[in-house]
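Observations on the three-dimensional arrangement
Given next are the chains, with one letter for each unit.
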Number of protein chains: 2
Amino acid sequence: MVTAMPDHTTDRPGRSRTGRPRSAEADAAILGATREALVELGWSKLTLGDVATRAGVAKTTLYRRWAGKNELVVDAVAELFDELELPDRGSLAADVEGVVLQFAALLARPETRTALMAVVAESTGDEALRARIRSSIVDRQKRLVLQGRQRAQERGELPRENDPETAARTADLIFDVVAGAVVHRSLVSCEPVDAQWAHSFTALLLGGLTEAART
Amino acid sequence: MVTAMPDHTTDRPGRSRTGRPRSAEADAAILGATREALVELGWSKLTLGDVATRAGVAKTTLYRRWAGKNELVVDAVAELFDELELPDRGSLAADVEGVVLQFAALLARPETRTALMAVVAESTGDEALRARIRSSIVDRQKRLVLQGRQRAQERGELPRENDPETAARTADLIFDVVAGAVVHRSLVSCEPVDAQWAHSFTALLLGGLTEAART
DNA sequence: CGATATACGCTACGACTCGTAGCGAAAGCT
DNA sequence: AGCTTTCGCTACGAGTCGTAGCGTATATCG
């Protein structure tokens with residue numbers, strides 16, 4: 001799931017092939033410095049000037065590539081979410097528990113905690129930013145739900161869907177429940193997402209799914 | 001659930017009874033102005049000077065009462081959450097659907113959307129702020145879960161718990177699932193929490209609960 | 001009533017960040 | 001070579017921050 005062209009760049013005139021190309025190392029250094037500064041300073045105290053200094057680039061270079069703090073942080077965090085995988089653990093319950101714990105581990109990292117919530121908050125009044133978050137972060141992770149369901153259906157643990165529209169709605173519901181519960185547990189309630197919690201949660205979720213499939 | 005003493009005030013020396021008391025009207029004006037400014041400007045562009053102007057008070061008055069933007073916004077938003085109620089609709093499913101829709105309506109208001117996420121984001125690096133959020137907002141709403149379960153047990157829809165520790169864990173789990181799913185659906189996925197979704201979600205949740213109770 | 005104590009409005013201040021403009025130099029492509 | 005774009009650097013006005021100082025307003029206490 002790699003974008004062929006870096007999507008963070010603002011309008012580049014015609015994607016011309018002449019002239020000095022942008023430094024890829026600078027890109028990596030900036031995104032890394034952003035995550036680092038986010039951990040130390042938090043969202044509100046994060047300044048682009050500081051990021052530029054840490055990355056070893058000029059402040060103007062930052063403004064040439066990103067429109068502002070929001071866009072920069074979205075790109076800096078989006079990279080982290082691509083780590084999530086869905087290894088086949090043999091059963092639907094084990095798969096769900098595994099991805100829950102993976103997601104929790106990702107949210108336990110300070111840069112993820114801070115950045116994710118801050119950007120979502122900022123996006124409530126900015127439609128363009130919201131769209132960027134959805135395409136860069138949220139929608140990419142829905143693949144985990146679809147993948148897990150397909151595996152479960154192949155194993156016979158879940159019935160195959162007849163109506164594709166219902167199937168899509170159910171997938172969305174599951175995605176919101178899983179992601180929402182884990183985020184709320186770890187960031188709002190500030191309680192650990194350990195193996196015990198993951199087990200209880202999985203039991204609740206799968207119980208609800210099989211119960212619903214029965215009717 | 002009204003606190004006898006305003007809890008937002010920073011250290012007041014001995015709560016002495018002499019001298020001019022703080023204006024309660026100013027308090028209300030400031031908190032209202034904060035919510036208003038939050039809607040128009042968003043979190044990052046919200047300035048305390050602007051809030052002071054809108055509220056018709058001096059900027060210094062703001063700094064005398066609140067330590068900073070975070071604390072002010074937490075108090076401004078905490079008031080909104082006290083609206084949530086759990087009217088008795090006759091069945092557990094109806095009660096859950098009702099509170100889900102209420103919560104969604106609260107999150108649909110722009111000031112709530114913006115403020116809640118922003119404050120949570122800021123709190124990831126600030127233990128004092130985290131504690132303030134929990135006591136002012138989160139923990140207060142857990143009453144809804146406890147209340148709903150008690151009613152369901154009285155109706156015979158749910159079995160009574162034997163182990164109080166397990167009961168507490170289950171309540172926490174339900175709280176995180178409900179609040180997390182609704183927040184994620186409306187703020188991250190940006191999809192409406194309508195009657196249909198609330199119905200599907202309730203079926204999933206209650207299905208999981210009865211299934212889990214069976215084993 | 002006067003004395004005391006606190007809150008309030010107002011102004012001013014240094015420090016900081018913002019986002020942009022302008023320049024010369026560097027680095028690629030034809 | 002010549003052209004094009006990026007990069008680092010410096011400087012700038014605008015805006016915000018949080019605080020200090022001062023005079024005034026409003027409460028309780030003796």
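The present account deals with the structure reproduced in this document. Remember, it's a predicted structure, so these values are computed and weren't measured experimentally.

1. A look at empty space enclosed by the protein
Counted under the stated rule, the structure contains three cavities of 30 Å³ or more. There is about 40 Å³ of room inside the second largest cavity. Lining the second largest cavity, in full, are A:Val177, A:Phe201, A:Leu204, A:Leu205, B:Val177, B:Phe201, B:Leu204 and B:Leu205. Every element with two or more residues in the lining of the second largest cavity is listed here: α9 (195–214) of chain A together with α9 (195–214) of chain B. Of the residues assigned to the lining of the second largest cavity, the class counts are eight nonpolar, no polar and no charged.

2. Some thoughts on the relation of the copies chain A and chain B
Aligned on chain B, chain A shows an RMSD of 0.1 Å; the corresponding rotation is 180 degrees and the shift along the axis is 0.0 Å. Those values place the two copies in the arrangement expected of a two-fold rotation axis. Most of the interface of chain A is mirrored in chain B, where 100% of its interface residues are also at the interface.

3. Remarks on the interface of chain A and chain B
Interfaces are often sized by the accessible area lost when the parts come together. Residue-level contacts link 40 residues of chain A with 40 residues of chain B. In total, chain A and chain B occlude about 3600 Å² of area from one another, counting both sides; carbon and sulfur atoms represent 64% of this. Summed over the three residues of chain A that lose the most area to chain B, namely A:Leu173, A:Asp176 and A:Leu204, the buried surface amounts to 17% of that side. Where chain A touches chain B, the interface holds two salt bridges. Across the contact surface, chain A and chain B share eight residue pairs in polar contact (both at pLDDT 80 or more). For the side of chain A that touches chain B, the secondary structure elements donating two or more residues are α6 (110–123), α7 (127–155), α8 (164–188) and α9 of chain A. A per-element tally of the side of chain A that touches chain B places α8(A) first, with 13 residues. Tallied by class, residues from the side of chain A that touches chain B come to 19 nonpolar, 11 polar and 10 charged.

4. Overview of the nonpolar core
One broad trend across soluble globular proteins is that nonpolar side chains are buried collectively. With 134 residues, the main nonpolar core has A:Phe201 and B:Phe201 as its most contacted residues. With residues near it in sequence (within four places) discarded, B:Phe201 still touches A:Leu173, A:Val177, B:Val100, B:Val177, B:Val178 and B:Ala181.

5. Concerning the protein's contact with DNA strand D
Around DNA strand D sit 24 residues, and of these A:Gly19, A:Thr60, A:Thr61, A:Arg65 and B:Tyr63 come closest. Of all atoms in DNA strand D that approach within 4 Å of the protein, 66% are sugar or phosphate atoms. A:Thr61 is positioned such that a nitrogen or oxygen atom in its side chain is 2.9 Å from a phosphate oxygen of DNA strand D. Counting only elements with at least two residues in the surface near DNA strand D, the list comes to α3 (59–65) of chain A together with α2 (48–55) and α3 (59–65) of chain B. For the surface near DNA strand D, the element with the most residues is α3(A), which contributes four residues. A breakdown of the residues in the surface near DNA strand D according to their chemical character gives five nonpolar, 12 polar and seven charged.

Reading the values: rules and limits
- Residues numbered from 1 in each chain as written.
- Chains lettered and ligands numbered in written order.
- Predicted model: local features only at pLDDT ≥ 70, side-chain atom pairs only at ≥ 80, totals over all residues.
- Heavy atoms only, no water.
- 1 Å grid on protein atoms, 1.4 Å probe; cavity = no way out; pocket = protein on both sides within 12 Å on 5 of 7 lines; lining within 4 Å.
- Points joined across faces, edges and corners; volume = space filled by probe spheres on them.
- Helix = DSSP H or I, 4+ residues; strand = E, 2+ residues; numbered from the N terminus.
- Nonpolar A, V, L, I, M, F, W, Y, C, P; charged D, E, K, R; others polar.
- Least-squares fit on C-alpha atoms with pLDDT ≥ 70 in both.
- Contact = heavy atoms within 4.5 Å.
- Buried area = accessible area lost by both parts, 1.4 Å probe.
- Salt bridge = Lys/Arg side-chain N within 4 Å of Asp/Glu carboxyl O.
- Polar contact = N/O pair within 3.5 Å; in protein donor to acceptor, adjacent residues only side chain to side chain.
- Core = buried A, V, L, I, M, F, W, Y, C linked by side-chain atoms within 4.5 Å.
- Buried < 20%, exposed > 50% of the residue type's maximum accessible area, 1.4 Å probe, protein only.
- Near = heavy atom within 4 Å.

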